[in-house]
Every structure is written in C-alpha cells, then in structure tokens.
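Below, each chain spelled out in residue letters.
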Amino acid sequence: MNIAVVGLSHKTASVEVREKLSIPETMVESVIAQLLSYPHIEEVAILSTCNRLEIYIVAHETEMGIREVTQFLSEHSKLPITSLRSHLFMLLHQDAVMHVMRVAGGLDSLVLGEGQILAQVKNTHKLGQQFNGIKTILNRLFKQALTAGKRVRTETNIGTGAVSISSAAVELAHLKVENLSGCAIAILGAGKMSRLLVQHLVSKGARQICIVNRSLGRAQELAKTFSDYPITIHLLTEMMAVVSECDIVFTSTSATEPILDRAKLEMVIEPNRSLMLFDISVPRNVHTDVNELEHVQAFNVDDLKAVVAQNQESRRKMAQEAEVLLEEEVEAFDIWLRSLETVTTISCLRNKIETIREQELEKALSRLGSEFGDKHQEVIEALTKGIVNKILHDPMVQLRAQQDVEARRKCMQTLQMLFNLDVEEIFS
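What counts, and where the lines are drawn
- Residues numbered from 1 in each chain as written.
- Predicted model: local features only at pLDDT ≥ 70, side-chain atom pairs only at ≥ 80, totals over all residues.
- Heavy atoms only, no water.
- Phe/Tyr/Trp six-rings, centres within 6.5 Å; stacked < 30°, edge-to-face > 60°.
- Helix = DSSP H or I, 4+ residues; strand = E, 2+ residues; numbered from the N terminus.
- Buried < 20%, exposed > 50% of the residue type's maximum accessible area, 1.4 Å probe, protein only.
- Arc of directions from axis to C-beta.
- Contact = heavy atoms within 4.5 Å.
- Polar contact = N/O pair within 3.5 Å; in protein donor to acceptor, adjacent residues only side chain to side chain.
- Expected span 1.5 Å × (residues − 1).
- Domains from an automatic or database assignment.
- Buried area = accessible area lost by both parts, 1.4 Å probe.
- Salt bridge = Lys/Arg side-chain N within 4 Å of Asp/Glu carboxyl O.
- Pairing = 2+ DSSP bridges.
- 1 Å grid on protein atoms, 1.4 Å probe; cavity = no way out; pocket = protein on both sides within 12 Å on 5 of 7 lines; lining within 4 Å.
- Points joined across faces, edges and corners; volume = space filled by probe spheres on them.

All told, the structure shown has four aromatic pairs when counted by the stated rule. The interplanar angle of 25 degrees and the centroid separation of 5.2 Å between the aromatic rings of Phe-250 and Phe-278 together place this pair among those described as stacked. Of this pair, Phe-250 sits in strand E8 (residues 248-251) while Phe-278 is found in strand E9 (residues 275-279), placing the two residues 28 residues apart along the sequence. For the pair Phe-250 and Phe-278, a shared accessibility class is recorded, and that class is buried.

Quick look at helix H10 (residues 216-225) now. For H10, the set of buried residues is Ala-219, Leu-222 and Ala-223. For H10, the angular spread of the buried residues around the axis is 100 degrees, confining them to a single face. The exposed set on the far side of H10, more than 90 degrees from its buried face, consists of Arg-218, Glu-221, Lys-224 and Thr-225. Buried residues along H10 sit against helix H9 (192-203), strand E6 (208-213) and strand E7 (231-235).

What follows concerns the side chain of Thr-70. Mapping Thr-70 onto the fold places it in helix H3 (residues 62-77). Thr-70 sits in the buried class, given a relative accessible area of 5%. Here Ile-66 takes part through its backbone oxygen, which lies 2.8 Å from a polar atom of the side chain of Thr-70. In contact with Thr-70, other than residues within four places in its own chain, are Val-6, Ile-81, Leu-84, Leu-88 and Met-90.

Our focus in this paragraph is helix H8 (residues 165-176). For H8, with twelve residues, the first-to-last C-alpha span of 17 Å sits near the 16 Å given by 1.5 Å per residue. Along H8, the residues classified as buried are Ile-165, Ser-166, Ser-167, Ala-168, Ala-169, Val-170, Leu-172 and Ala-173.

Moving on: the domain arrangement of the protein. Taken domain by domain, the protein consists of domain 1 (3-161), domain 2 (165-302) and domain 3 (340-377 + 384-419). Using only C-alpha atoms to locate each centre, domain 1 and domain 2 end up separated by 29 Å. Across the domain 1/domain 2 interface, buried area totals approximately 1100 Å², and carbon plus sulfur atoms make up 59% of it. Salt-bridge contacts for Asp-302 lead to Arg-18; the nearest nitrogen and oxygen are separated by 3.1 Å. Between the two partners, domain 1 and domain 2, sit four residue pairs in polar contact (both at pLDDT 80 or more).

Burial within strand E3 (residues 52-59) is extensive, with eight of its eight residues counted as buried. Burial along E3 is two-sided: Arg-52, Glu-54, Tyr-56 and Val-58 facing one way and Leu-53, Ile-55, Ile-57 and Ala-59 facing the other are all buried. In this structure, strand E1 (residues 2-9) lies alongside E3, joined through eight bridges in antiparallel fashion. Across the sheet, the residue bridging to Asn-2 is Ala-59, located in E3. Relative to E3, strand E2 (residues 41-49) runs antiparallel, the two being bridged by eight bridges. The partner of Val-44 across the bridge, within E3, is Ile-57. Counted between consecutive antiparallel strands, the loop separating E2 from E3 contains two residues.

A word on empty space enclosed by the protein. Rolled over the atoms, a probe with the dimensions of a water molecule shows which regions are left empty. Across all of its chains, the model carries four cavities of 30 Å³ or more by this definition. The calculated volume of the largest cavity comes to roughly 80 Å³. Taken together, Thr-49, Cys-50, Asn-51, Arg-52, Ser-109, Leu-110, Glu-114, Gln-116, Ile-117, Gln-120, Ile-165 and Met-193 make up the full set of residues lining the largest cavity. Considering every element that reaches the lining of the largest cavity, the biggest residue donor is helix H6 (residues 116-130), with three residues.

And the structure:
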C-alpha cells in the first residue's frame, strides 16, 4: 500500500482555477464514494479550503491511483487534463506524509502559521471517517498530522499574532481606507470566516457593521459574540438594499455561484457612490464584471498576497523551528507504517500457535473424560491461553520495535522459516 496526495493550492493555481476544483462539504460523501469505486484506490481523504484542494489516497499501485484521481479532477472541474496538469502537484510516500504535517502546522498556508487550517484538517479527518474513506493508514496519518499541528502551535511562537485570510482582508481594507470607523460595512455570511472578520474590523475601529445571512439564527449568534458593539442583522433577501448603503462589503458565503455582479450593483448603487468589495470565498461570491463599474473596486483572496508578504519574513525563523518538530512526527508515523509489515507474520504465527493449542487441549480433555467439570475446563483453557500469550509476547514486541527495515524483514523471514508459516507479503 502506498500513500500519495494530488492537489493544487494558492502556490500553483489562481483563484479562477481553484474555484473550479473546489469540493463543498455537501459533496464530500459522494466524491469519496466515487473515488473509492476506482479499482486502485483503497482509502481517500479530501481537504478543500479557499486556498487548496488536496486528495490523499492509499493505493495498490501509486501511478494508477494518481491517474484515477487526476481523471476525476478533470471531470469534476471540466478542465482538460492537459491544462489541469500544470496546476497540480503530486507527492508520494514520505513527501506526502511531510506535506500533510506541514499543512496542519500552517507552514504551507498563504498566511504562514495561520490557525484555521488545523480545524480544517481535523474536519477532513472527521468527514473521511464518517463517509468510510479513511481506514487504517490515513486514520493514523491524519491523527499524526493533527498532533504535529498542535505541537507547532504549543511549542513554537509561529501562531502568536498570526494573521488569517480574514484579518489579511481587513488589513487590506484598512490600507485602502484609513478610517474604518466612518464606513458602513456589510459582511455577507455568518460562518467562522465572518466571525474573524468582525473580530478584526472591531480591532481596527469599525463601528457600523451589519451581518447579512440566509438564516437569522447564525447571524444572531455571531452578533451576540460581539454584544458590546452595535451589529445589525439582515436576511439575504435584503442583501442588495444593504449593499446599496455600504462603503465596504466583505463576502464569505458557501454559494457556488457569484451572488454579486455588475447587473445587480447597477440597479442599486447611485452613480457616483464608491464601493469596495472584499471577496474571501472560493468559489468566488463576486463576479469579475463588477470591476467594469467606475466607482467599484473588487478584491479576492489572491489580492491578499501583498498584505501577507509583510507578515511572512518575521515568521520564517519560527517556521524553521517548526520543521524540526514535523520531522519527529514524520519519523513516528514512518516507524508505525513500517511496523505494519509485521502484522501478517504475527497474525499467521498467532493463528498457528492457537490452532495447536486448541488441538492439544481437545485431546487432553477427551482423555480426562466426561466427569471432568466445566469449571476445570475453563481453568485449563485459561492456563493454556496464558502460556501461549507469554511465549509470544517477547517475540512480537521485539519484532514491532525493530526500526531497521532490513533487520525487521530478516526477523520475519526467520520466524516464517522456523514455524513454517505461509505468509503473503503485504508490502513490496
């Protein structure tokens, strides 16, 4: 079995490409089922955020598994493989393991050290288990990655004051408009990103904030979190009326198509009124044609790179410290993965010894006769099982603990020869 990851990110693809490959949470179950239906894929996990789509697989044949994932991505995005391939990265085995560790630690993020990605990796793990995509190997890999991410945040300072996509968007708005306190600001959406937007807007002095959401419940819950500030709430049906009164609009909804475009804005915005739109959603919430309007400026997640770059340099040294921790977690996972080689041999040995125990016990009990009570049989059963477990314990522990690959394989070969075991190799 081999681990691989196929994906693209803010490093390899623009937002125009990323939004075509985005997999919303509502589709994860069906996508996992489709990928598992392919002949060479045994396990699968999907990490889809505004800045990346990554599909982790365990495959019988790595090359064929990657080909199946690539074909799926082409069909899903409706992009031909020839043009899609230039945006994809493909990592195998230990490189794939290190990659998910770096992702969970925030070292591969647009915003170096961002904390939100750890929760997204955790959600990937949860959904993968829920929809039967994650089994033994990916389960251990993602658990190790989550441990790695937590260690990076607790044992280094890389997350201290780390900006997020939301805070970078607010920072960009602050660069464009120095005094946010005098601006009417709307946030479309009431999810985690919107909560962070409110948090950073308030810290920059914004005082006129309204939340526009499909349902009142989540918007009210968000407003309660910032009860010291006069945050107003509106339903999505009132969106254009709200936008028409605003100076700045942030969009962070799960819509798969643009909810703001030139035609809608032309109908509600006064001719000389200025409006700035900050779209941090992927797929995008704001259509590119809004830039055709004279007094409208629109920015998306790719426009945040200049803001983020100012924050990066001070974090690079801390990132180097984090890499050392990640190496330790990669090694721990690798030791566990290699130990799986021993599973078949150990299982075969235990089965053989157990068969001998049962046969000899049956012979002994038949000689003792029917007058031998059930209670005595239970005692002898427990005695023989205890002897077997004691005899097998040390060889099994030593075999699993052997970290040198060649030494471990020699030990397994010796066991197979001495006990005449018929073991089918599960690793090449």
